[in-house]
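Summary of structural features
Given next are the chains, with one letter for each unit.
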Amino acid sequence: MVFKNLRAIREDRDIRQKDMAAYLNVSQNTYSQYETGVIALTAEVLIKLSNFYDVSIDYLLDQTDNPERQKIS
């Protein structure tokens, strides 16, 4: 499963796969495989990406078109 929103948000912010891989402490190849769905995203990686981009995990997983995170009061 290709994660279109994950790739799109990275490209929209002019961030290279190499730089995201360094942030996540993985190889560029591993990060590329996250985007294409070859390797499953772990909860830890999803949380880091959600926090980095300030978007919901559902958005990163293409479950919604709304990137906003729900605020817990």
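Being a predicted model, the structure only gives us computed values, none of them experimental.

**So, the nonpolar core**
- If you look at the biggest cluster of nonpolar residues, it comprises 17 residues, and the most contacted ones within it are L6, Y31, L41, L49 and Y53.
- With 4 residues, the single largest contributor to this core is helix α4 (residues 43-53).
- In this view, L41 contacts F3, L6, Y34, L46, L49 and L61; residues no more than four positions away in its chain are not counted.

**Thoughts on the confidence of the model for the protein chain**
- Across the protein chain, the average pLDDT comes to 93, with 99% of residues at 70 or higher.
- Mean pLDDT values for the elements of the protein chain range from 94 in helix α5 (residues 57-60) up to 98 in helix α2 (residues 17-24).

**So, the packing of aromatic side chains**
- As enumerated under the stated definition, the model contains 3 aromatic pairs in all.
- Measuring from centroid to centroid gives 6.4 Å for Y31 and Y34, while their planes differ by 85°, and the two rings are edge-to-face. Within this pair, Y31 and its partner Y34 are both found in helix α3 (residues 28-36), separated by 3 residues, close to a single helical turn. This pair shows no difference in class: Y31 is buried, exactly as Y34 is.

**Some details on the pattern of salt bridges**
- Under the defined criterion, the tally for this structure stands at 6 salt bridges.
- Measuring nitrogen to oxygen at the nearest pair gives 2.8 Å for the salt bridge that ties E11 to R7. With E11 and R7 both in helix α1 (residues 4-12), this residue pair falls 4 residues apart, about one helical turn.
- The class for E11 is partly exposed, based on a relative accessible area of 37%.
- Where E44 meets K48, a salt bridge forms, and the shortest distance between an N and an O atom there is 3.7 Å. Here E44 and its partner K48 are both found in helix α4, 4 residues apart, which amounts to about one turn of the helix.
- Via salt bridges that share partners, R7, R10, E11 and E35 belong to a single interconnected network.

Quick notes on the rules
Residues numbered from 1 in each chain as written. Predicted model: local features only at pLDDT ≥ 70, side-chain atom pairs only at ≥ 80, totals over all residues. Heavy atoms only, no water. Core = buried A, V, L, I, M, F, W, Y, C linked by side-chain atoms within 4.5 Å. Buried < 20%, exposed > 50% of the residue type's maximum accessible area, 1.4 Å probe, protein only. Helix = DSSP H or I, 4+ residues; strand = E, 2+ residues; numbered from the N terminus. Contact = heavy atoms within 4.5 Å. pLDDT = per-residue confidence, 0-100. Phe/Tyr/Trp six-rings, centres within 6.5 Å; stacked < 30°, edge-to-face > 60°. Salt bridge = Lys/Arg side-chain N within 4 Å of Asp/Glu carboxyl O.

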